[in-house]
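Fold and geometry: a report
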Amino acid sequence: MDIESMNFYGLDKRLDSADYFETENFQTMLKNIKKSISFGGIIALTGIIGMGKTVTLRRLQQALRDEKENKIIISRSLASDRKQVTINTLYNALFTDLATKKDGKIPTQAEKRERKFQAMLKEINKPIAFFIDEAHNLHPRTMISLKHLVETAQDARGTLAIVIVGHPKLANDLRNPVHEEVGARTIIFELNTLGVNSAKFIEWLFSNCSKDKIKPHDIMTKEAIELFADRLITPLQITHYLMRALEKGFQLGEKPITLETAKSVLSPDLNELEPKLIRHGYGMSVLCDYFNVRRSEMKAYFRGQLPPHRQDEINKEVQKLGILV
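Residues numbered from 1 in each chain as written. Predicted model: local features only at pLDDT ≥ 70, side-chain atom pairs only at ≥ 80, totals over all residues. Heavy atoms only, no water.

1. Comments concerning the overall build of the protein chain
As a reminder of what qualifies: Only runs of H or I of at least four residues qualify as helices and only runs of E of at least two qualify as strands under DSSP, and these elements are numbered from the N terminus. For every residue, the accessible area obtained with a 1.4 Å probe (protein chains only) is divided by the maximum for its type, and the residue is called buried under 20%, exposed over 50%, and partly exposed between those limits. Whether two residues are in contact is decided by their heavy atoms, any of which lying within 4.5 Å being enough. For the area figures, the Shrake-Rupley method with a 1.4 Å probe applies, and any residue is considered shielded solely by the protein chains shown. Note on charges: Lys and Arg go in the positive column, Asp and Glu in the negative column, and His and the chain ends are not counted at all. For charged residues, the charge sits on one atom: NZ in Lys, CZ in Arg, CG in Asp, CD in Glu.
Along the backbone of the protein chain there are 17 helices and five strands. Each principal axis of the C-alpha distribution contributes one length, and for the protein chain these read about 70 × 60 × 30 Å. Per-residue burial for the protein chain yields a buried fraction of 46% across its 325 residues. Long-range pairs, those at least 24 residues apart, make up 71% of the contacts in the protein chain with a sequence separation of at least 6. Summed over all atoms, the accessible surface of the protein chain reaches about 17,600 Å², with 48% contributed by carbon and sulfur. Across the protein chain, the centroid of the 48 positively charged side chains sits 5 Å from that of the 41 negatively charged ones.

So, in structure tokens, the structure goes:
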């Protein structure tokens, strides 16, 4: 969003740099996650793309750091390619963050490595929260390693909470009986869409980013706000399309932004099945693996070009993922 648009509508900061919008449900969930971390084990936080998982993660880590006496030690895995992450990668992250002596070298032999990790836990003598973002891309073998990692800590009478964060695919995988070994031991928290709070979020966003005495309806009409609240479901979507509307409204010299201008910036395929699946963590390659189909067949499915019986077969598989067709 350009400076001219901001000045035209009386904004003193960009919408995507606003403070965090917290509902009562979100605050309760954050409190429950913190409590779960103090007990140890595997904790999953899931939400569709744009729901604020990464921001929530930062807020959670900051809340733990703000605890008096640093009751919980924080560690993170920063490896970018989650598909290549192994138990060795995770131990590297833990040793890097937790080693208290100059000799923080990780033994290459698994037995010695795990014994040294246990000795480290006894020396620290505090609960540890280990965060892994984009965990929906972790290999199933690595997921099983998380269970073994927690058990290694428990055997040393230590408390290790592994917080894995990812798209709804992560929750679906954990609930699949095939992954019961890990899923049955995991507490799952889900970031829900804004729902009835969408209009409140839009008005809050304008108030949070505008100069004194500027009201939300000075910027955008009630009808336009209601349209965005009805069509958009995540903070990322809302912020993106609001900024597009502000730029378009400025070009038209329109204040407040009308329903017609709001309609003009919305993508017509915004809520089509393919982008909906992607938001849940099911991109093309993942779907081809899940359904054992070729990419060309999956593309034909999205275009509605398959024979009716085959279209219905894939529809049923998609519905099993919790996605409405």
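2. Examining the environment of Val182
Structurally, the position occupied by Val182 is in helix H8 (residues 180-183). Between the C-alpha atoms of Val182 and Thr86, which are 96 residues apart in sequence, the distance is 16 Å. Apart from the residues within four sequence positions on either side, Val182 is in contact with Ile42, Met143, Ile144 and Leu174.

3. Description of the environment of Leu194
Summarising the element assignment, Leu194 is placed in the loop between strand E5 (186-190) and helix H9 (198-209). Separated by 170 residues in sequence, Leu194 and Glu24 have C-alpha atoms that sit 12 Å apart. Apart from the residues within four sequence positions on either side, Leu194 is in contact with Phe21, Met51, Phe201, Ile233, Thr234, Pro235 and Ile238.

4. Focus: the sheet that holds strand E3 (residues 128-132)
For the record, the criterion: When DSSP finds at least two bridges between two strands, those strands are taken to pair. Here an angle of 0 to 180 degrees is reported between the N-to-C directions of two axes, which are lines fitted to C-alpha atoms, with helices fitted over the stretch in contact.
If you trace the five strands from one edge of the open sheet to the other, you get E2-E3-E4-E1-E5, paired in parallel fashion. Two strands bound the open sheet, and with one partner strand each, they are strand E2 (73-77) and E5. Neighbouring strand axes in the sheet, compared pairwise and without regard to direction, differ in orientation by 20° on average. In this sheet, E5 lies alongside strand E1 (residues 41-46) in parallel orientation, the contact comprising five bridges. Of the residues in E5, the one forming a bridge with Thr46 is Glu190. Helix H6 (residues 140-155) rests against E1, E3 and strand E4 (160-166) of the sheet, and its axis sits at about 160° to E4.

5. Considerations on the nonpolar core
Rule in force here: In this description, a nonpolar core means a group of buried Ala, Val, Leu, Ile, Met, Phe, Trp, Tyr and Cys residues linked to one another through side-chain atoms lying within 4.5 Å.
Leu11, Leu15, Met220, Phe228, Leu242 and Leu246 are the most contacted members of the largest nonpolar core, which has 31 residues in total. Residue assignment for this core shows that the elements contributing at least two residues are helix H1 (3-9), H9, helix H11 (222-231), helix H12 (235-252) and helix H13 (259-265). Looking at this core element by element, the count peaks at six residues for H12. In this structure, Ile42, Leu149, Leu170 and Val182 belong to the second largest nonpolar core, which totals 29 residues.

6. Quick notes on the side chain of Thr234
As for its position among the elements, Thr234 is in the loop between H11 and H12. If sequence neighbours within four positions are ignored, Thr234 has contacts with Ile48, Ile49, Gly50, Met51 and Leu194.

7. A closer look at the environment of Ala119
Structurally, Ala119 can be placed in helix H5 (residues 110-124). Residues Ala119 and Gly158 lie 39 residues apart in sequence; the distance between their C-alpha atoms is 9.8 Å.

8. Points about the confidence of the model for the protein chain
Let me state the cut-off plainly: The quantity known as pLDDT measures the predictor's confidence residue by residue, on a range of 0 to 100.
Averaged over all residues, the pLDDT of the protein chain is 91; the fraction at 70 or higher stands at 98%. Within the protein chain, the lowest mean pLDDT, 88, falls on helix H3 (residues 53-65), and the highest, 97, falls on H13.

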